[in-house]
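# What the coordinates show
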Amino acid sequence: MENQANNNLLEVTALKTWIDTEGGIIHAVDGVSFNIRPGETLAILGESGCGKSLTALSILQLIPKPAGRIVSGKVMFSGENLLEKSEQDMREIRGRRIAMIFQEPQSSLNPVMTIGQQIKEVIPDRKNKSSVEINKDIVGLLDSVGMSDSVRRINEYPHQLSGGMKQRAMIAMALASKPDILIADEPTTALDVTIQSQILNLLARLKKENNMSILLITHDLGVVSQMADRVILMYAGEVVEDADAVSFFDAPRHPYAQKLFLSIPDRSKRKKKLDIIPGIVPTYAGDYQGCRFSERCDKAWDLCFQERPQWRAQEKNGVRCHLYNNTLEPQETSDKNIEQGLITADEKQDKAETLLDVKQLKVHFPIHKGIFRRVVGHVKAVDGISLKIGRGRTVAIVGESGCGKTTAGKAILQLIKPSSGEVIYDGARLTKITGEELRQLRKNFQIIFQDPYASLNPRMLVGESIAEGLHALKLESSKAAIQTRVKKLLTQVGMPVDSYGRYPHEFSGGQRQRISIARALAVSPDLIVCDEPTSALDVSVQAQILNLLNDLQNELSLSYLFITHDISVVEYLAHEVAVMYLGRIVEFGTAADILDNPLHPYTQALLSAVPVISKTGNTGYKGDSQVLLAGDIPSPSKPPAGCHFHVRCPQATEICRQQYPAETKTGDSHTVFCHLFESDEQH
Amino acid sequence: MLDFTFKILVTDALLYLLVTAIIIFIVYARKHEHLSAPWRQIKNKKLAMSALVILGFFVITGFLDSVHIRQEIKIDNTSKNQQQVAQYSNEVLSLLDLLLTKMRQQTEKTYSAPFAINSFTKEVADGEQGKPVLYYPRLKYGGAHLQAQDSRIYDIGKRLLWALFWTLSVLVFCILLIAKITDSKNNIENKHINIATRLKNIISGNTNTPWLTILLVMSIPVFFISSIAELGPYYHIMGTDQVGNDVLYKSIKSIRTGLLIGTLTTLIILPFAVVFGITAGYFRGWVDDLIQYIYTTLSSIPSVLLIVAAILSLQVYMTNNPESFATLIDRSDIRLLFLVMILGVTSWTGLCRLLRAETMKLRELDYIQAANSLGVRHRRIMSRHIFPNLMHIVLITVVLDFSGLVLAEAVLSYIGVGVDPTMDSWGNMINGARLEMAREPLVWWNLTAAFVFMFILVLAANIFSDAVRDAFDPRLRKA
Ligand SMILES: Nc1ncnc2c1ncn2[C@@H]1O[C@H](COP(=O)(O)OP(=O)(O)OP(=O)(O)O)[C@@H](O)[C@H]1O
Ligand code: SF4
Ligand code: SF4
Ligand SMILES: [Mg+2]
């Protein structure tokens, strides 16, 4: 930027990194400039594929060779241009002055070396230290990142650690030489919310203690809000906005930023249509004439298609958009503010007729051992859950990874055979029905999966995939009828009709998810189990899918069993919420009950762990209001005795360690499984 | 009126079936990108295409040898009033036999070395004074056209020059033909370039498909064939065997045996492996236990034992029921078929295991779960969702197994449980060479001819199968 204040720690100027692919050269990073000051957290925000990670890798000259190359630009760090340094000199800087941690702690640790050995390699000056000293250093590092049992962990291998602990180990390695800058590339994306909040808090604390700068790369606005001092927003290889966190969250300037905020689901948007950004992030193989966002921007006018907008900066903030003149005041615009469509479903429909009734459902997977494959135990993936879904309602199941959400969904649909319990669908006892009778019933309940890439057969045409249920259940007789029906479905989910004769690999994740929805809709079900249908998608695309699901619910009065770990999605569309922990439901109630008045300590922790987007930016520590959970989720093969949660529960008492709490009704629709509330009722 | 009738042997019929299947597969693959893209990749690889050219010549030879006819016997027309019924010879000949009539019919008494004009063994004749003398007699056919003063080397050289001339003519013809139908690498937008430029592109190697390499490689078998056409009727190029048969002719005839064993066996393997592998992996439970039990049992019996037992019992059956086999060729054909079947039965387990493991992975995938929840029947899930996603494994295995099977035939025939001893096969030739290697001077050509032919076929097949695996294996493709 123009302002060349000399207290910058790192200055990136006009960085261009290109990647050669079969389809041509991709301008992945196309003229990116930004500065980091000492002790500052700078967040690079952007959707998948916009060039965030490559920007970071370019700084350290770690881009994949030979496909990638840095074409031009400068990276000034303590008076030197890093891009001109030799590989050998860079090694002195990497890991020592600038350290980096990655999204997948799994793949960045060496599986055949112990944690101690790996940390030892990065301890500075280790040749002049005795092994006792080195060991002390390692323990000190592990303690500083909050690793429990640090002395024991030194001799453990990565596979013996949980995801959160691996990330802690990575951070410990990165901190070993007290770097000036820590680059964190999506450090918490692979982790659960409660673990994520532990790691974010750790980073914030370390930053303060060591007066270190952090370059945080993320797609999550919540994380940015909690951590960042400054934000740069990237789109298709360019920086489109650079602002301090407060003004960015208070009044984002770039239309893309504004849209991003609007497309995030939350409670205030309940029953309203989410504002969507149409289309998908472009792959920038070609040269752009105008603004890269122009095809998706609803404020675009002629100029936007013809001329690339200049970077407009004032003081430290800047934006790349024709709407702004040099003072960053919005110019006269053709602002056609679209009405936010209101969805007309009434919330009052509380006493809907029960469509699905699940009673004490259990799924236990046997664990086999030895040559005779003896059963030595069970993974209690689902351990007695009961819930009811009314017609036209959405029940959300929330919980952390591995708590049995997916298994529960599949067992309800009889895709996995339940070990015990009952599933009653519209009077039919599914757990008792088998064979042909069950097959005929299947048209009533369908499922949509999380991974859009695994949910469609790569060898079948899109049309064939959608028509499959029609064929199998003989719902349409003639070929022509099937075809018209499929085309109608494609239109209904907002896909072009000519997708019929194409293969799944030609479509993006969001489009595939639409196709999966069309496939489920084909047999006109009443109930759809949605297993994290949006968690693999970008925020702007997530909004499209959520809108579609919402529309379909109103049109066809569908019921959803919505499985998710994303609280904002729950806030946006759930009528009732079930919170799961280790195979059991610990709290059940209406969305209002759970979100406004969470009773179970786990629910409270879960909700407070979710990073919130605050108008004032950088919330940092949440202080007392946050219930920080210690430790990891135990394995479902040997859940703790008594209340499963007692090892992590801040309010656990003696009885919690001995006895599983009974169901307690605390309101009309609100039930909770916790000893804290039992006593109230009993007396 | 035709003066011959077709005779379709059982193995011929199976081969035709296989060829039809391959053609259907090609038509199917052209319509499916995931199958045709890897082939396009192979098409642009030099080594793979060279191997394919060589394989092509083997396949054409084998195919020519699999169209069998019986010629009409000309009957004396003395009894004119008798009703004319066409009479066909008992001798079953293939198209290849007809092409190589001279080589087939010109049999000597016994061994003769390559290009020899005299016999390899001495004969006794009356000498000048009535004393018996030992001498090497002239061969009946080998070099029979040469007069005493003619130079053999000069004659062979002259004929080879002619062969070279034919080869070049064929090459030029092919270049022109290719120039007519191809387009060059650098020319995607503008298809209309003149034939001269295209010629230049081909000759300078500037084409997507490596035509230059293909042509160069092709010239080798073409030259070989023209040499046979030029020299074959006058010399025994690779000598003769113990009973005076032309060794080169026998080696060429063995191609069919090798190819049939290599390909028909997979025809037997496929249904077993695919059906059992997919069912076991898909249903698991007791079905899986049963199928696993069958194939672990089967693969823990040494397959040679099974083969020996099967072939011996076939032999016993044949000696007890000679009337069921009309001709010698029927008999050896049945034995070949039997060998193919027993080889198939003993070698389906490998592929079956692979397919079972892969199916187990696939069945957990979301799209299979979705199909389940749509009430799609198991049979359809297996055929529409699982099988197409296993296709690459099947293809890779079939191509990789081919050379192993060709070699297996040689080994089995060597120990006497292979194809019928009267049938031409490299294994039988090697078996026969056992004693020849102990002779003084050495009779080396039988073994050498069999070895060279087998080596070239197996090498070409291996190179080609590597290319197929590289192109189809998704893990290798990424790297
Ligand atoms: N087929 C199986 N065999 C054995 N264990 C299984 C099987 N499927 C799931 N599990 C185990 O059951 C538990 C619950 O798994 P499930 O997939 O239902 O979790 P989830 O809540 O959907 O997690 P995520 O949020 O990661 O999708 C896990 O511990 C998992 O390892
Ligand atoms: S320049 Fe135009 S198209 Fe681009 S973001 Fe601004 S208003 Fe939208
Ligand atoms: S029962 Fe005890 S341990 Fe369990 S959540 Fe309630 S207070 Fe915590
Ligand atoms: Mg899941």
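In this report, the structure presented in the accompanying data block is examined. (Residues numbered from 1 in each chain as written. Chains lettered and ligands numbered in written order. Predicted model: local features only at pLDDT ≥ 70, side-chain atom pairs only at ≥ 80, totals over all residues. Heavy atoms only, no water.)

### Observations concerning the overall build of chain A
The helix and strand inventory of chain A stands at 22 helices and 24 strands. In terms of overall dimensions, chain A is globule-like: its C-alpha atoms have a radius of gyration of 27 Å, near the 26 Å expected for 683 residues. Structurally, chain A occupies a C-alpha span of about 75 × 70 × 55 Å along its principal axes. Counting every position in chain A, which comprises 683 residues, the buried fraction comes to 56%. Across chain A, contacts joining residues at least 24 apart in sequence account for 66% of those joining residues at least 6 apart. Carbon together with sulfur atoms contributes 50% to the accessible area of chain A, which is approximately 29100 Å² in total. Averaging the locations of the 77 positively and 81 negatively charged side chains of chain A gives two centres separated by 5 Å. (Helix = DSSP H or I, 4+ residues; strand = E, 2+ residues; numbered from the N terminus. Rg over C-alpha atoms; globule rule 2.2 N^0.38 Å. Buried < 20%, exposed > 50% of the residue type's maximum accessible area, 1.4 Å probe, protein only. Contact = heavy atoms within 4.5 Å. Areas by Shrake-Rupley, 256 points an atom, 1.4 Å probe, with all protein chains shown as cover. Lys, Arg positive; Asp, Glu negative; His and termini not counted. Charge placed at Lys NZ, Arg CZ, Asp CG, Glu CD.)

### Side note on the environment of Ser 413 of chain B
Residue and element names in this part refer to chain B. With respect to the element layout, Ser 413 can be found in helix α15 (residues 391–414). Separated by 18 residues in sequence, Ser 413 and Asn 431 have C-alpha atoms that sit 6.9 Å apart. If near-sequence neighbours (up to four positions away) are discounted, Ser 413 is found in contact with Gly 418, Val 419, Ser 425, Gly 427, Asn 428 and Asn 431. In this structure the side chain of Ser 413 is engaged in a polar contact, spanning 2.8 Å, whose partner is the side chain of Glu 409. (Polar contact = N/O pair within 3.5 Å; in protein donor to acceptor, adjacent residues only side chain to side chain.)

### Re the site of ligand 2
Around ligand 2, the neighbouring residues are His 254, Pro 255, Cys 291, Phe 293, Ser 294, Cys 297, Lys 299, Ala 300, Cys 304, Cys 321, His 322 and Leu 323 of chain A. In terms of residue class, the shell around ligand 2 is built from 8 nonpolar, 3 polar and 1 charged. (Near = heavy atom within 4 Å. Nonpolar A, V, L, I, M, F, W, Y, C, P; charged D, E, K, R; others polar.)

### Observations regarding helix α12 (residues 328–363) of chain B
Over its 36 residues, α12 of chain B extends 51 Å from the first C-alpha to the last, a length consistent with the 52 Å expected when each residue adds 1.5 Å. At Ser 347 of chain B, α12 of chain B is bent by approximately 40°, the largest bend along its length. (Expected span 1.5 Å × (residues − 1). Bend = angle between axes of the 7 residues up to and from the residue.)

### Looking at the interface of chain A and chain B
Interfaces are often described in size by the accessible area the parts lose on coming together. Tallying the contact residues gives 25 residues for chain A and 19 residues for chain B. Taken together, the two surfaces of chain A and chain B that pack against each other cover about 2100 Å², and 53% of this comes from carbon and sulfur. Linking chain A with chain B are 3 salt bridges. Residues Glu 468 of chain A and Arg 380 of chain B are paired through a salt bridge, measuring 4.0 Å at the closest nitrogen-oxygen approach. At the surface where chain A touches chain B, the tally comes to 9 residue pairs in polar contact (both at pLDDT 80 or more). Counting residues per element, the ones that place at least two in the side of chain A that touches chain B are α14 (435–441), β18 (445–448) and α15 (462–472) of chain A. The element contributing the most residues to the side of chain A that touches chain B is α15 of chain A, with 4 residues. (Buried area = accessible area lost by both parts, 1.4 Å probe. Salt bridge = Lys/Arg side-chain N within 4 Å of Asp/Glu carboxyl O.)

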